[in-house]
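Listed below, chain by chain, are the residues.
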Amino acid sequence: MSKGWRRVAILFVVGLTTIVLAAILWLFNADLGNFRPQIERLVSESTGRALTIGSLNIDLGGETTIVAERVRFENAAWASATEMLSVERLEVRIGLWELLQRTILIHSIDLDGARVHLARPDVGEPNWVFGTDDQQAADPEPDDDGGFDILVGDVAIDDQVVVFESPERTGPIVLRLDRLRQQRRADDILELAGSGNLGERAFSIDGELGTWASLLDGGRIDFALDGTVATISLHGEGYIDSLADPRRPSMSFSMIGPDINDLFEMAGIDATGNGDINLAGYVDSPDTGPVALDVEGNLGRLEIDAEGSMADLRDLSNVDVEILASGPDLSRILRLVGVGSVREAPFMIDLDLERRGPQLTVERGRMVFAEAEFTATASVPNFPDVDDANVVLQVQ
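Model, not experiment: these values are computed from the prediction.

J.: When you look at the nonpolar core in this model, what are you seeing that I'm missing?
T.: Soluble globular proteins: nonpolar side chains tend toward being buried together. Counting 36 residues, the largest nonpolar core has Ile277 and Leu299 as the members making the most contacts within it. Here Ile277 is in contact with Ile232, Met255, Ile256, Gly257, Asp259, Ile260, Leu263, Asn298 and Leu299, once residues within four sequence places are set aside. Leu105, Leu151, Leu190 and Leu215 belong to the second-largest nonpolar core, a separate cluster that totals 6 residues.

Spelled out as structure tokens, the structure:
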């Protein structure tokens, strides 16, 4: 290379480096909160609803701090509340360079005075679905494999209210979270504690999970959680063998309460049930052999007895399942999970099936709903391909 071209190349590199350094210095010293109007416009245009931010401050650094105050996000036009979301103050601390990683590590979240209104209309999409029908059709489904994982360290939430309205409910469900704290202890365990009200009933939750190092690298996570809602007690404990690739977890849970109507009233359903709550279950993964699952007990007069086994959660080539459930009213149970179009009627389900490689066999299938009874047996030699399947169905 001639001296002239070498000089041009050196000047170009020096000039480019100067520009990059100047841009970095500007970013670290500029008040990025001045981009508030652009952020408001971007969100408003992409969702079709107005976003306003009273004040925004972004302190860029090794640990970047974002503080937003008086945030308001417009609700759907048909909703009863004007705003879907309002926040008095939100402070987020995040590692700058961690934004370039697949797992985004948020060091802390401090949230005060949040109000969230969620609603389903009689017809159409709920208010958390944004954009017009044409925009929804044009937007591709998100690619789960290409997304980001978010991990949050310390959490402090105060004075939060979430309201949920749905035609299936007798009235709005109101969750008031007075206080929620998540803190990382010296032994690398995350400790969780919270309290508030669900409707008129007080609730509390306490628990722990970790370690923090395992959360970061997707390893084994141990957990223990206890909660109470009015007269109902909840407990869960166990471990997930791999957060990144769960296959053989081991855990147990229980729900105990003296009156099923406490559960119905909290869910916004007519409190006309009978009986107590006594439900328990487990997932057991021994060192060798299949993963075993079991759920047994009652929710009021709904009786449940289910068990099953599989090689692991990702391998469903060898599966055994037996389910027996019965009760005087299927509609009320389905309304707990948001299904409100089933009429009140007694029911019974009795199912016994197994899969061995491509062979799926229904040894026993019986369902009774009101006056109708369905029985079935099936043999599907090349599941999930239904060619050559032999199915016997009887309706009475």
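J.: I would appreciate a short explanation of the packing of aromatic side chains in the present structure.
T.: Given two aromatic rings, their pairing is described by the distance between the two centres and the angle made by the two planes. Counting across every chain of the model gives 2 aromatic pairs. Consider the rings of Phe73 and Phe130, whose centres lie 5.6 Å apart with planes at 80 degrees: the pair is edge-to-face. You can see Phe73 sitting in strand E2 (residues 63-74) and its partner Phe130 sitting in the loop between strand E4 (103-119) and helix H3 (133-138), a full 57 residues away along the chain. Relative accessible area serves as the criterion here: at 10%, Phe73 is assigned to the buried category. With 6.5 Å between their ring centres and 35 degrees between their planes, Trp128 and Phe164 make a pair best called tilted. Residue Trp128 is located in the loop between E4 and H3, and its partner Phe164 is located in strand E5 (residues 149-165); the two are separated by 36 residues in the primary sequence. Of the residues examined, Trp128 reaches a relative accessible area of 33% and is grouped as partly exposed. In this structure, Arg220 packs its charged tip against the face of Tyr239, placed 3.8 Å from the ring centre.

J.: Would you mind showing me how to read the pairing of strand E13 (residues 291-299) here?
T.: As defined by bridge partners, strand E12 (residues 277-284) adjoins E13 across 8 bridges and the pair is classed as antiparallel. Bridging from a neighbouring strand, Ile277 pairs with Leu299 of E13. Here E12 folds back onto E13 in antiparallel fashion, the turn holding 6 residues, of which Gly289 has a positive phi close to 95 degrees. With 9 bridges joining them, E13 and strand E14 (residues 302-312) adopt antiparallel strand pairing.

J.: Can you help me understand the layout of surface pockets in this one?
T.: In this structure, the largest pocket occupies an estimated 450 Å³ of space. For the lining of the largest pocket, the elements supplying multiple residues, two or more each, are strand E1 (51-59), E2, strand E3 (83-95) and E4. Residue classes in the lining of the largest pocket are distributed as 18 nonpolar, no polar and no charged.

J.: How do you make sense of the side chain of Asp312 when you look at a structure like this?
T.: For Asp312, the location among the structural elements is in strand E14. Reaching out from Asp312, the side chain makes a polar contact with the backbone nitrogen of Arg314 at a distance of 2.8 Å. The contacts of Asp312, once residues within four sequence positions are left out, are Arg247, Arg248 and Val291.

J.: Explanation requested: unusual backbone geometry in the structure shown.
T.: Generally, phi is negative for residues other than glycine and the peptide bonds are trans, each holding for most cases. Across the junction of Gly210 and Thr211, the peptide omega takes the value 15 degrees, indicating a cis bond. Note on placement: Thr211 falls in the loop between strand E8 (201-210) and helix H4 (212-217). The residue Asp159 is not glycine, and still its phi comes out positive at about 55 degrees. In this structure Asp159 comes out as partly exposed when scored by relative accessible area, which is 42%. The residue Asp388 is not glycine, and still its phi comes out positive at about 70 degrees.

J.: Just checking my understanding: could you explain helix H2 (residues 36-47) for this structure?
T.: Residue pairs spaced three or four apart in an α-helix point in one direction, given the helix's 3.6 residues per turn. Given a rise of 1.5 Å per residue, 12 residues ought to cover 16 Å, and the 17 Å separating the end C-alpha atoms of H2 matches this to within 8%. Restricting attention to buried positions, one finds in H2 the residues Glu40, Ser44 and Thr47. The arc that holds the buried residues of H2, viewed along the axis, is 80 degrees, so those residues lie on one side. Of the residues in H2, the exposed ones pointing more than 90 degrees away from the buried face are Leu42 and Glu45. Packed against the buried residues of H2 are E1 and E2. Just beyond H2, the residue with positive phi is Gly48, at close to 80 degrees.

J.: When you look at the environment of Ile256 in this model, what are you seeing that I'm missing?
T.: In this fold, Ile256 is placed in strand E11 (residues 250-257). Taking the C-alpha atoms as reference points, Ile256 and Ile232, separated by 24 residues in sequence, lie 5.6 Å from one another. Excluding residues within four positions of it along the chain, Ile256 makes contact with Thr231, Ile232, Ser233, Ile277 and Asn278.

J.: How should a negative patch on the surface be read in this particular structure?
T.: Together, Glu296, Asp305, Glu307 and Glu322 give the surface a local cluster of negative charge. By the element assignment, Glu322 lies in strand E15 (residues 315-327). Judged by relative accessible area, which is 34%, Glu322 ranks as partly exposed.

J.: Looking at this model, I keep getting lost on the confidence of the model for the chain. Mind explaining?
T.: Atom-level detail of predicted coordinates should not be read off regions where pLDDT is low. For the chain, per-residue confidence averages 83 on the pLDDT scale, and residues scoring 70 or more make up 83% of the total. Note on residues 3-27: pLDDT under 50 across the span, and 4 contacts to partners over four residues away in sequence or across chains.

What counts as what
Residues numbered from 1 in each chain as written. Predicted model: local features only at pLDDT ≥ 70, side-chain atom pairs only at ≥ 80, totals over all residues. Heavy atoms only, no water. Core = buried A, V, L, I, M, F, W, Y, C linked by side-chain atoms within 4.5 Å. Buried < 20%, exposed > 50% of the residue type's maximum accessible area, 1.4 Å probe, protein only. Contact = heavy atoms within 4.5 Å. Phe/Tyr/Trp six-rings, centres within 6.5 Å; stacked < 30°, edge-to-face > 60°. Helix = DSSP H or I, 4+ residues; strand = E, 2+ residues; numbered from the N terminus. Lys NZ or Arg CZ within 6 Å of the ring centre and 35° of its normal. Pairing = 2+ DSSP bridges. 1 Å grid on protein atoms, 1.4 Å probe; cavity = no way out; pocket = protein on both sides within 12 Å on 5 of 7 lines; lining within 4 Å. Points joined across faces, edges and corners; volume = space filled by probe spheres on them. Nonpolar A, V, L, I, M, F, W, Y, C, P; charged D, E, K, R; others polar. Polar contact = N/O pair within 3.5 Å; in protein donor to acceptor, adjacent residues only side chain to side chain. Expected span 1.5 Å × (residues − 1). Arc of directions from axis to C-beta. Patch = residues over 30% accessible without salt bridge, like charges linked within 9 Å, V, L, I, M, F, W, Y side chains within 5 Å. Areas by Shrake-Rupley, 256 points an atom, 1.4 Å probe, with all protein chains shown as cover. Salt bridge = Lys/Arg side-chain N within 4 Å of Asp/Glu carboxyl O. Lys, Arg positive; Asp, Glu negative; His and termini not counted. Charge placed at Lys NZ, Arg CZ, Asp CG, Glu CD. pLDDT = per-residue confidence, 0-100.

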